[in-house]
Amino acid sequence: MATLLYRLGRFSFRRRRWTLAVWVTVLALFGIGAATLSGPTSNAFSIPGTESSRALEVLEEKFGSSDGANATAKVVFTATGDTRLTGGEQKAAVEAAIAGMAKAPQVAAVSDPFVSQTVSQDQRTAYATVTYSVPATDVTTEARKALLDAGASAAVGVEFSGEVTRTAEESHAAEAIGIVVAAFVLLMTFGSLVAAGLPLLTALVGVGVGMLGIQIATGFFDLSSSTSALATMLGLAVGIDYALFVVSRYRHELAEGHDGDEAAGRAVGTAGSAVVFAGLTVIIALAALSVTGVPFLTAMGLAAAATVGVAVVITLSLVPAILGFAGHRILPRRRRKATAAAGKMAFGERWAHAVLRHRWIALIVSLGLLAAAAVPALDLRLALPDDSTAAVGSTQRKAYDQLAEGFGEGFNGPLVIVVSSASNTAKAAAEQAQRIITDLDDVVLVTPPTVNPAGDTAMLTVIPASAPTSEATKDLVHAIRDAELPGLAVTGTTAVNIDISEKLTNALIPYLAIVVGLAFILLMLVFRSILVPIKATVGFLLSIAASFGALVAVFQNGHLAGLIGLESTGPIVSVMPIFLIGILFGLAMDYEVFLVTRTREEYVHGATPNAAVLSGMKYGARVVTAAALIMMSVFAGFILADDTIIKSLGFALAFGVAVDAFLVRMTIVPAVLSLLGRSAWWLPRWLDRLLPDVDVEGARLTRQLAVPHDVEPERELAAA
């Protein structure tokens, strides 16, 4: 493989105009395809086959509605001061606001709280339900603004909840801050504006191709609007990492005195091989999301895997082409006339010397810190977000809190009970279910059954005493299902969220097993060792555990929440573990491959185990440090967001990258490799013969290039 990539690197460098033209053409074609073939995306969030999903299908079939085909919103009215909403002036203000909302575009109906009796017992809180004639995705900005304006004119407190009330405004401040910091770190790493800009440029091209490809796919597949989220984040991350690694190796080859095309060939042949296998490992992890059985996660995983694949191809072809355009401007000005780097010992080498000198202390302290960080993960609770996790000052959060105060916490998460039976017997079965459910713990109210015209299906509403994301409500759902009443099913938003959370939780272990298992095989192929892949996968699991622990400690238990501006705590979002595993696994394997391939390369070329570790850290630590600082900055920017979910994702990823890069890869890895010595690279002979030799470290390439100067290297390679 190294030989093939060497040829590709030299070809792309020499034919840089042709290579650039090809990528510009690809980008243009994808842009045209996205403009002409893209279709609508969906915000639906469900898992087919769960009890709650099947019950929704029954409701749609028997009642002609799945309780939410069209958009709805809740408008919460609250009295100010010592007044009551039933007072003359206050009641008139509420009715005037309702009349104004009814005239808003796309609104089909608005319930009157005084007619529908949705006024709290203390008469200080009431709510109206706004029903639209279109789904939530089709509600226009004008219709949303008209609804909010009608409420703002009322002389009482008015807040709104529901998907319709969320504005589509997005802030890209976090991404902008991350890119600025990334550019600064790259500039400090390379000392050249050209070298700093190249990884950013090629990463953005890769993400652009990936996003346009996803837009094209929406014309042929039913994709979620969140499909591109993981692809964007990971595509940018690995795109910068891969280009950074190749550019760093190219600069090293230039410093060794090689011409530009030869340096590009050697850089792609060696560092490019590591990029290929790092990319394959990440692609495996992302494609494995399909085992969760969750359609939107499968789509996200495959889209992100394709984007990572594009990043790999760009690194192997477009990066050497742009290096050809850059010439020696890729080097710092002070080194452009030098043939080799000279100066004091690099930080990575100094750090490696310290770790190897005190390897047991470094290993024990690092493991102790990781274990301490991971302890809170034992209390991990998962749930899907609702308005209780919205920003404290948002209208959605205020409406949620006001409804909970006026009607009870469980009012925000009612359960819908569907009872199916033979014709004309559904009412009796539903009444029996009503009596049994009323006697269960944590139940405030069970409404009388509503029966469809055929008499074979009935529907009841259960109001729990606890909040939708509480363990008590989850236990209530299981208690109703465990009653084993014939034809009974539990659904509604709360039940759907509970089912999705449990499905995601149950999928974690199989997902991890597949990811770790396939990655172990691939890493064994790359490093031709058994202990090194075990070390890599165990290190990743330690990083994940520490990240989960820190996430639980801050966002669930509230420790140090004030430092990051966190105003409310609660269960961790159900999709967070999957996201963390996918993204952190990709970055962890990048750092592992970048560091250890150079160590393996030096060892294969005759260095002692400790000398190989020192050399690997000397050349790899700078790249890994820069890559980690860039990703930490990008992810940490999201901590500034008001939304708790975005804030928690940014915190967990920034913490996870810091732990994996600096504690695991740059401390535990060299310490363990030093302790293992030559046994780190042991592989049974029978397995060595069975595994194909992919020559990631470029040993064969080095031998082929070590020919007399009067022999043309490419002719020698062609003969090989």
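Residues numbered from 1 in each chain as written. Predicted model: local features only at pLDDT ≥ 70, side-chain atom pairs only at ≥ 80, totals over all residues. Heavy atoms only, no water.

Right, let's get into the overall build of the protein. Secondary structure summary: the protein contains 24 helices and 11 strands in total. In terms of C-alpha radius of gyration, the protein reaches 30 Å, essentially the compact-globule figure of 27 Å for 720 residues. In terms of overall dimensions, the protein has a C-alpha envelope of 100 × 50 × 50 Å along the principal axes. Looking at the protein residue by residue over its 720 residues, the buried ones come to 54%. Here the contacts in the protein between residues at least 6 apart in sequence split such that 78% fall between residues at least 24 apart. Counting every atom, the protein has about 30700 Å² of accessible surface; 60% of that belongs to carbon and sulfur. Distance between charge centroids for the protein: 15 Å, based on 51 positive and 59 negative side chains. (Helix = DSSP H or I, 4+ residues; strand = E, 2+ residues; numbered from the N terminus. Rg over C-alpha atoms; globule rule 2.2 N^0.38 Å. Buried < 20%, exposed > 50% of the residue type's maximum accessible area, 1.4 Å probe, protein only. Contact = heavy atoms within 4.5 Å. Areas by Shrake-Rupley, 256 points an atom, 1.4 Å probe, with all protein chains shown as cover. Lys, Arg positive; Asp, Glu negative; His and termini not counted. Charge placed at Lys NZ, Arg CZ, Asp CG, Glu CD.)

This part covers a nonpolar patch on the surface. Residues Phe11, Trp18 and Val22 make up a contiguous nonpolar surface patch of roughly 310 Å² in combined accessible area. Looking at tryptophan 18, the relative accessible area reads 54%, which means it is exposed. (Patch = residues over 30% accessible without salt bridge, like charges linked within 9 Å, V, L, I, M, F, W, Y side chains within 5 Å. Salt bridge = Lys/Arg side-chain N within 4 Å of Asp/Glu carboxyl O.)

Further remarks concern helix H14 (residues 395–407). Between its first and last C-alpha atoms H14 spans 18 Å; for 13 residues at 1.5 Å apiece the expected length is 18 Å, and the two agree. By the burial criterion, the buried members of H14 are Gln396, Arg397, Ala399, Tyr400, Gln402, Leu403 and Ala404. In this structure, the buried residues of H14 make contact with strand E1 (72–78), strand E3 (125–132) and strand E4 (157–161). After H14 finishes, the residue glycine 408 shows a positive phi value of roughly 105°. (Expected span 1.5 Å × (residues − 1).)

On to the packing of aromatic side chains. In this structure the tally under the stated criterion is 11 aromatic pairs. Ring centres of phenylalanine 11 and tryptophan 18 lie 6.0 Å apart, and the angle between their planes is 75°; this geometry places the pair in the edge-to-face category. Judged by relative accessible area, which is 40%, phenylalanine 11 ranks as partly exposed. Aromatic ring contacts, followed pair by pair, group Tyr127, Phe407 and Phe411 into a single cluster. The cationic tip of arginine 16 hangs over the ring face of phenylalanine 325; the distance from NZ or CZ to the ring centre is 6.0 Å. Taking the ring centre of phenylalanine 114 as reference, the NZ or CZ of lysine 91 above it sits at 5.2 Å. (Phe/Tyr/Trp six-rings, centres within 6.5 Å; stacked < 30°, edge-to-face > 60°. Lys NZ or Arg CZ within 6 Å of the ring centre and 35° of its normal.)

In space, the 4 strands of this open sheet follow the order E2-E3-E1-E4, with antiparallel pairing throughout. Here the strands that pair on one side only, and so sit at the sheet edges, are strand E2 (107–110) and E4. Averaged over neighbouring strand pairs, the angle between their axes works out to 25° when direction is ignored. Here E2 runs beside E3; their pairing, made up of 3 bridges, is antiparallel. Each bridged residue has a counterpart across the sheet, and for alanine 109 the counterpart in E3 is threonine 131. Packing against the sheet, H14 makes contact with E1, E3 and E4, and its axis sits at approximately 105° to E4. (Pairing = 2+ DSSP bridges. Axes fitted to C-alpha atoms, helices over the stretch in contact; angles between N-to-C directions.)

This part is about the pattern of salt bridges. Oppositely charged side chains can pair when the atoms bearing their charge come close. With the rule as written, the count across this model stands at 15 salt bridges. Residues lysine 145 and aspartate 149 are paired through a salt bridge, measuring 2.8 Å at the closest nitrogen-oxygen approach. Of this pair, lysine 145 and aspartate 149 both sit in helix H6 (residues 141–152), 4 residues apart, roughly one helical turn. A relative accessible area of 51% places lysine 145 in the exposed class.

This brings us to empty space enclosed by the protein. One pass over the full model with this rule turns up 3 cavities of 30 Å³ or more. Approximately 120 Å³ is the volume attributed to the largest cavity. In terms of lining, the largest cavity is formed by Thr389, Phe555, Ser568, Thr569, Gly570, Pro571, Ile572, Val573, Thr644, Ile645 and Ser648. It is helix H21 (residues 644–676) that provides the largest number of residues to the lining of the largest cavity, a total of 3 residues. Residues belonging to the lining of the largest cavity are distributed by class as follows: 5 nonpolar, 6 polar and no charged. What the second largest cavity holds in volume is close to 40 Å³. Listed by contribution, the elements that provide at least two residues to the lining of the second largest cavity are helix H19 (576–604), helix H20 (609–636) and H21. Here the lining of the second largest cavity gets 4 residues from one element, more than from any other, and that element is H21. (1 Å grid on protein atoms, 1.4 Å probe; cavity = no way out; pocket = protein on both sides within 12 Å on 5 of 7 lines; lining within 4 Å. Points joined across faces, edges and corners; volume = space filled by probe spheres on them. Nonpolar A, V, L, I, M, F, W, Y, C, P; charged D, E, K, R; others polar.)

An ideal rise of 1.5 Å per residue puts 16 Å on 12 residues; H6 measures up with 16 Å between its terminal C-alpha atoms. Buried within H6 we find Ala143, Arg144, Leu147, Ala150 and Gly151. End-on, the buried residues of H6 take up no more than an arc of 130°, which puts them together on one face. Residues of H6 that are exposed and angled more than 90 degrees away from the buried face: Thr141, Glu142, Lys145 and Ala152. For H6, the elements touching its buried residues are E1, helix H4 (88–102), E3 and E4. (Arc of directions from axis to C-beta.)

Turning our eyes to something else, we now look at the packing of helix H18 (residues 531–556) against H21. Between H18 and H21, the least distance of the axes is 8 Å, while the angle of their chain directions is 145°. Judged by the twist between their axes, the crossing of H18 over H21 is right-handed. Among the residues forming the contact of H18 with H21, the class breakdown is 18 nonpolar, 6 polar and 4 charged. (Left-handed = near helix turned anticlockwise from the far one by under 90°.)

This part takes up unusual backbone geometry. Most peptide bonds take the trans form, and the phi angle of most residues other than glycine is negative. The backbone phi angle of glutamine 106 is positive, close to 70°, even though this residue is not glycine. The topology assignment puts glutamine 106 in the loop between H4 and E2. We classify glutamine 106 as partly exposed; its relative accessible area is 23%. Here aspartate 442, not a glycine, exhibits a phi torsion of approximately 70°, which is positive.

By secondary structure assignment, the location of valine 672 is in helix H21. Separated by 568 residues in the primary sequence, valine 672 and alanine 104 place their C-alpha atoms 67 Å from one another. Those residues in contact with valine 672 that sit more than four places away from it in its chain are Leu363 and Lys535.

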